[in-house]
Amino acid sequence: MVDENNLRDHAFDGIQEYDNNLPAWWVWSFVGCIIWAVFYGFHYHWIGTGKIGLDALAEENRIAREIQIAMSGGELSEEMLQELSHDAGRIEAGKAIYVKANCAMCHGADAYGNVGPNLRDNHWLHGSDMTMIVVSIRDGRNNNQMPAQGHLLAPNDIYNLAAYLADLNRNTPKVDNKTSSGKVPEGDITPITY
Ligand code: HEC
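Here's a quick rundown of the structure. From a predicted model like this one, the values you see are computed outputs, not experimental measurements.

Quick word on the coordination of the iron atom of the ligand
Taken together, the protein donors to the iron atom of the ligand comprise His107 (NE2) and Met146 (SD), at separations of 2.0 Å. Around the iron atom of the ligand sit 6 donor atoms; with metal-centred angles ranging over 85 to 179 degrees, the donor geometry is octahedral. Remark: Met146 occurs in the loop between helix 6 (130-139) and helix 7 (155-170) and His107 occurs in helix 5 (residues 103-107); sequence separation between them is 39 residues. The exposure class assigned to His107 is buried, which follows from its relative accessible area of 11%.

What follows is the structure, encoded as C-alpha cells:
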C-alpha cells in the first residue's frame, strides 16, 4: 500500500521515493540465501563432503569406473587394468590380500620367489601385461601348481593383487633384468612398461 506520509524528503529531478518496507517474499528469499550459503560453504568448501569443479569430475569418473569394474565379471581391457595398477588404494589393498591369500607361501613374503617364481624381476613365464597377471592369478597355471584363485577371490581382489604385484615389480631395481636378491629368473624378458 502506498502511504503518502512515508514520502522521503530528498528529490532527484523532482522524483521522490517512498520509504516502504521490502515485501516479505523478498526479505525471506534473502534470508534463505544466507542460510543456504552457510550450508553450501560447509558442504563444498570447509568440510569438503561435496565436490566441485575438477574434483567433481574426478569423482564422477571414479564412480563410472567402479560401476564398469563391478559389472566386468572379471574381464577388463588391458588399458583399464594398467590404469588400475597405478591406483594407490588398490596397491595398498592388494598388499593385504597377498598376505591373506597365502601367496607368500610360494612366492615369498616379499615376492622374491620360493616354490613359485620371483615376481619382482623382468622375467615372466606368462607375460607381464596386467591381463596376463590377472589370468595367472584367476585361472592358475601349470596344472594348478599356481593354484587358481577365481573361485576364492572376488574379481576386484584379483585386480588389486595384480596392481600390487605390478607396482612392486616396477619399483624394484634390476640389474641385467634380474633382482639383486631372490630366486633366479624364470621365463622370458618382458619388463613391465606401463
Ligand atoms: C602352491 C604354491 C603357490 C601359491 C600359493 C601361489 N602361487 Fe603363484 N605361482 C606358483 C607357481 C609354481 C607358478 C609358476 C607356474 C608355471 O610354472 O607356469 C606361479 C605363477 C604365478 C604368477 C605368474 C608369474 C609369471 O612369471 O608369469 C603370478 C602372477 C602369481 N603366481 C601370483 C600369485 C598370487 C597373487 C598368489 C596368491 C593369491 C599366488 N601366486 C599363490 C605357485 C604358487
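Comments concerning helix 6
Three or more residues of helix 6 are buried, namely Met130, Ile133, Val134, Ser136, Ile137 and Arg138. Buried residues along helix 6 sit in contact with helix 3 (78-84), strand 1 (123-124) and helix 7. Following helix 6 by one or two positions, Gly140 has its phi on the positive side, about 75 degrees.

Here's the deal with the pattern of salt bridges
The final tally for this structure, using the stated rule, is 7 salt bridges. Taking the shortest distance from any N to any O, the salt bridge between Arg138 and Glu75 comes out at 3.5 Å. Placement of the pair is Arg138 in helix 6 and Glu75 in the loop between helix 2 (53-70) and helix 3, with a sequence separation of 63 residues. Since its relative accessible area comes to 55%, Glu75 is described here as exposed. The salt bridge involving Glu186 is made with Lys183; its shortest N-O contact spans 3.3 Å. Among the residues examined, Lys183 registers a relative accessible area of 25% and is labelled partly exposed. Within this structure, Arg65, Glu83 and Asp87 form a network of salt bridges that share partners.

Some thoughts on the packing of helix 6 against helix 7
Where helix 6 meets helix 7, the axes come as close as 9 Å, and the angle between the chain directions of the two elements is 125 degrees. Here helix 7 runs oblique to helix 6, going by the angle between their axes. Helix-helix and strand crossings are classified by hand; for helix 6 and helix 7 the assignment is right-handed. In this structure, helix 6 contributes Met130, Ile133, Val134, Ile137 and Arg138 to the contact, and helix 7 contributes Ile158, Tyr159, Leu161, Ala162, Ala163, Leu165 and Ala166.

What to know about the packing of helix 4 (residues 88-100) against helix 7
Running from N to C, helix 4 and helix 7 point in directions that differ by 100 degrees, and their axes come no closer than 7 Å. Taken as axis vectors, helix 4 and helix 7 run roughly perpendicular relative to one another. Contacts from Arg90, Ile91, Ala93, Gly94, Lys95, Ile97 and Tyr98 of helix 4 reach helix 7 at Asn156, Asp157, Tyr159, Asn160, Leu161, Ala163, Tyr164, Leu165 and Asp167. Residues of the contact of helix 4 with helix 7, tallied by class, amount to 9 nonpolar, 3 polar and 4 charged.

A short note on the side chain of Arg65
With respect to the element layout, Arg65 can be found in helix 2. A distance of 3.4 Å separates a polar atom in the side chain of Arg65 from a polar atom in the side chain of Asp87. Not counting the four nearest positions on each side in its chain, Arg65 is found in contact with Met80, Glu83, Leu84 and Asp87.

Notes on the site of the ligand
Taken together, 22 residues lie near the ligand, and Cys103, Cys106, His107, His126 and Met146 sit nearest. One of the backbone nitrogen or oxygen atoms of Leu125 is found 2.8 Å away from an oxygen atom of the ligand. A distance of 3.2 Å is found between an oxygen atom of the ligand and a side-chain nitrogen or oxygen belonging to Asn142. Of the residues assigned to the shell around the ligand, the class counts are 13 nonpolar, 8 polar and 1 charged.

Conventions and cut-offs
- Residues numbered from 1 in each chain as written.
- Predicted model: local features only at pLDDT ≥ 70, side-chain atom pairs only at ≥ 80, totals over all residues.
- Heavy atoms only, no water.
- Donors = N, O, S within 2.8 Å, 3.2 Å for Na, K, Ca; no water.
- Tetrahedral: all angles 85-135°; square planar, octahedral: opposite > 155°, others 65-115°.
- Helix = DSSP H or I, 4+ residues; strand = E, 2+ residues; numbered from the N terminus.
- Buried < 20%, exposed > 50% of the residue type's maximum accessible area, 1.4 Å probe, protein only.
- Contact = heavy atoms within 4.5 Å.
- Salt bridge = Lys/Arg side-chain N within 4 Å of Asp/Glu carboxyl O.
- Axes fitted to C-alpha atoms, helices over the stretch in contact; angles between N-to-C directions.
- Parallel < 35°, antiparallel > 145°, perpendicular 65-115°, else oblique.
- Left-handed = near helix turned anticlockwise from the far one by under 90°.
- Nonpolar A, V, L, I, M, F, W, Y, C, P; charged D, E, K, R; others polar.
- Polar contact = N/O pair within 3.5 Å; in protein donor to acceptor, adjacent residues only side chain to side chain.
- Near = heavy atom within 4 Å.

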